[in-house]
Structure formats: C-alpha cells, structure tokens
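Summary of the model geometry
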Amino acid sequence: MLMIALTKGRLEKASLPLFEKNGYGVEKLKNKGRELVFQDTKKDIAYFLAKAPDCITYVEHGVADVGIVGKDTLLEENCNCYELLDLGIGKCQFIVAGLSDCDLWNMTGHIKIGTKYPRVARQYFNQRGMDVEIIKIEGSVEVGPLLGLCDGIVDIMETGTTLKENGLVVFDTVSEISARLIVNKASFILKKEEILTLLDDIKSKEA
Ligand SMILES: Nc1ncnc2c1ncn2[C@@H]1O[C@H](COP(=O)(O)OP(=O)(O)OP(=O)(O)O)[C@@H](O)[C@H]1O
Ligand SMILES: O=P(O)(O)OC[C@H]1O[C@H](OP(=O)(O)OP(=O)(O)O)[C@H](O)[C@@H]1O
C-alpha cells in the first residue's frame, strides 16, 4: 500500500486530474467534506491532505511514502527526501516586487523585505550582496509595501493579477516554481516497484 500526502488547496485540485486520467480512483477526493484521508477506489493507495510544509514532514518521517509539494516549499524547507519528478502543474514564479516608484536596487540605508519565504529571500539578497531585513508575513504579502511595512516583497506570482491590482511591479524573477513529487528514502527502496509504477502513470505523457 502506498500512502500519498497531497498539498491542500491549489495543488490538491491540480493533482487530481493527473491521477484521474491515468486510471486512479480519486472520486472520494473530488467530492469530499471535511474528511482528510481517502482510499483509492481502484488501487492499493491512500491519500491524505495537509499543508505543504507538513507534507514534507510526513514524507520525511515515512508516514507518507510519496508527497506532492510545490518547489517553493521545497526551497524554503530543508527536505530530506528524494525529489523525483516535476509534475508540470502549479506553475508560477518567485519574484521580487514593490511599488513602481521604489528603486530597490539603488536604495541606501535600511532595506526591508516582506515575505512568506524568509530562507529563499535571504539567499537571494545574500547572493546579490545586499544586507536586508527580512520580515516574515503569513499571507496577503502585497499589502506590505502598500502600507509601508516593507520596501519590497519576495512572493509567488502566477497571473500577475494580485501585483497589478495592488499597484506593484516586478523587479526581478528569482526562480520558476512547479509541483514536485517527493519520495521517502526508505520507501524508495522498500516499495520501489509501486513507486516507479506511480511515477510512470502520472508523469506528463506529452513530454
Ligand atoms: N498563484 C499561486 N499562489 C500561490 N501558490 C501557488 C499559485 N499557483 C501555484 N501555487 C502553488 O500552490 C501551492 C499551494 O498554494 P495554496 O495557495 O493552495 O496554499 P498556500 O497559500 O501556500 O497556503 P495556505 O493554505 O496558507 O493558503 C504553493 O506552495 C505553490 O507551489
Ligand atoms: O499572480 P496571481 O495569479 O495573482 O497569484 C499570486 C498570488 O497568489 C498567492 O496568494 P494566495 O491566493 O495563496 O493568498 P495568500 O496571500 O493569503 O497566500 C500569492 O501569494 C500571490 O498573492
């Protein structure tokens, strides 16, 4: 039996078609209430829903054999597991943004950056040789520069609508993001065949 941790929310919705179109029985996941653990109706697989960093924790501890998590979370958290597949879903970018009248790169003095991803932001600004203060924000990150909490943000952009509607512009792209399939290291030895079958089933057939 394989146990799969799915990131709740956007990635959960984007992952379901990958399973569905390849003969997996995920209808209970599609029509769920508050239930969080589901048995596949066609395969010997169980799925459960968790927040992205918790998916990593469950996979690292071997409670889940496999997880589906965004590259953003993998870059932010230390993940001691195998990243085996780019699923090509949940595509977006890490960007640096701010108000259009802010010249972030030529600012002198104390620079403040708001982000949900302090590690990614710290690494980015360190690489540019910029000493900035990182302020951790849990969501609605675009509000930070608007209200003067910070000069710039490091956040996810998908369509660009949230930035645009809040009067912010992109200063730089940090990296591309998509959902990845991660695997517990011991599971990859003990359940190799099951895992390789899953990988083969759900990897993009167009490639
Ligand atoms: N527009 C987007 N905004 C945020 N994440 C996106 C977007 N598009 C794809 N993703 C991916 O989806 C994952 C989950 O995002 P989602 O918005 O569902 O939850 P979250 O905002 O990270 O957490 P929370 O449950 O606190 O809202 C992200 O980690 C990222 O990999
Ligand atoms: O480029 P867009 O298509 O507008 O998407 C980007 C927005 O989506 C995410 O926020 P989310 O909706 O997850 O809400 P949050 O701010 O509470 O994390 C992200 O943090 C951006 O704010």
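An unreviewed UniProt entry lists the chain under the name ATP phosphoribosyltransferase, with Vagococcus elongatus given as the organism. Under the UniProt heading Catalytic activity (unreviewed entry), the entry covering the chain gives this text: "1-(5-phospho-beta-D-ribosyl)-ATP + diphosphate = 5-phospho-alpha-D-ribose 1-diphosphate + ATP". Here is the UniProt Sequence similarities (unreviewed entry) comment for the chain, exactly as written: "Belongs to the ATP phosphoribosyltransferase family. Short subfamily."

Considerations on the sheet that holds strand 5 (residues 82-86)
Strands sit in the order 2-3-1-4-11-5 across an open sheet of six strands; the sheet is mixed. Only two strands of the sheet have a single partner each, and these edge strands are strand 2 (37-39) and strand 5. When strand polarity is set aside, the average angle formed by the axes of neighbouring strands in this sheet is 25 degrees. One ladder, built from four bridges, connects strand 5 with strand 11 (residues 179-183); its direction is antiparallel. Within the sheet, the bridge partner assigned to Asp86 lies in strand 11 and is Arg180. Sheet strands touched by helix 1 (residues 10-20): strand 1 (2-7), strand 3 (45-50), strand 4 (66-70) and strand 11. Its angle to strand 1, the strand with the most contacts, is close to 135 degrees.

Thoughts on the nonpolar core
By size, the foremost hydrophobic cluster in this structure holds 27 residues, and its most contacted members are Phe19, Tyr47, Leu87, Leu181 and Leu198. Breaking this core down by element, the ones donating at least two residues are strand 1, helix 1, strand 3, strand 4, strand 11 and helix 9 (192-202). Sequence-distant contacts of Leu198, defined by excluding residues within four places in its chain, comprise Leu2, Ile4, Phe19, Tyr24, Ile45, Val66 and Leu181. Grouped together as the second largest cluster of nonpolar side chains are 18 residues, Leu104, Ile111, Phe125 and Met130 included.

Let's talk about the pairing of strand 8 (residues 133-136)
Note that strand 7 (residues 112-115) and strand 8 share four bridges and pair parallel. Across the sheet, the residue bridging to Gly114 is Ile135, located in strand 8. Each parallel crossover has a hand, and the one from strand 7 via helix 5 (residues 118-127) to strand 8 is right-handed.

Let's talk about the site of ligand 2
Among the 13 residues in the neighbourhood of ligand 2, the closest are listed as Glu142, Glu158, Thr159, Gly160 and Thr162. Within the backbone of Gly160, a nitrogen or oxygen atom sits 2.8 Å from an oxygen atom of ligand 2. Assessed atom by atom at 2 Å from the grid points, ligand 2 resides in the largest pocket. Residue assignment for the shell around ligand 2 shows that the elements contributing at least two residues are strand 9 (152-157) and helix 7 (161-165).

Quick word on the environment of Gly109
Along the chain, Gly109 falls in the loop between strand 6 (92-99) and strand 7. For the pair Gly109 and Tyr58, spaced 51 residues apart in the sequence, the C-alpha separation amounts to 42 Å.

What counts, and at which threshold
- Residues numbered from 1 in each chain as written.
- Chains lettered and ligands numbered in written order.
- Predicted model: local features only at pLDDT ≥ 70, side-chain atom pairs only at ≥ 80, totals over all residues.
- Heavy atoms only, no water.
- UniProt positions renumbered as here; feature names shortened; annotations may be inferred.
- Pairing = 2+ DSSP bridges.
- Helix = DSSP H or I, 4+ residues; strand = E, 2+ residues; numbered from the N terminus.
- Axes fitted to C-alpha atoms, helices over the stretch in contact; angles between N-to-C directions.
- Contact = heavy atoms within 4.5 Å.
- Core = buried A, V, L, I, M, F, W, Y, C linked by side-chain atoms within 4.5 Å.
- Buried < 20%, exposed > 50% of the residue type's maximum accessible area, 1.4 Å probe, protein only.
- Right-handed = clockwise from strand over helix to strand, strands pointing away.
- Near = heavy atom within 4 Å.
- Polar contact = N/O pair within 3.5 Å; in protein donor to acceptor, adjacent residues only side chain to side chain.
- 1 Å grid on protein atoms, 1.4 Å probe; cavity = no way out; pocket = protein on both sides within 12 Å on 5 of 7 lines; lining within 4 Å.
- Sits in = over half its atoms within 2 Å of the grid points.

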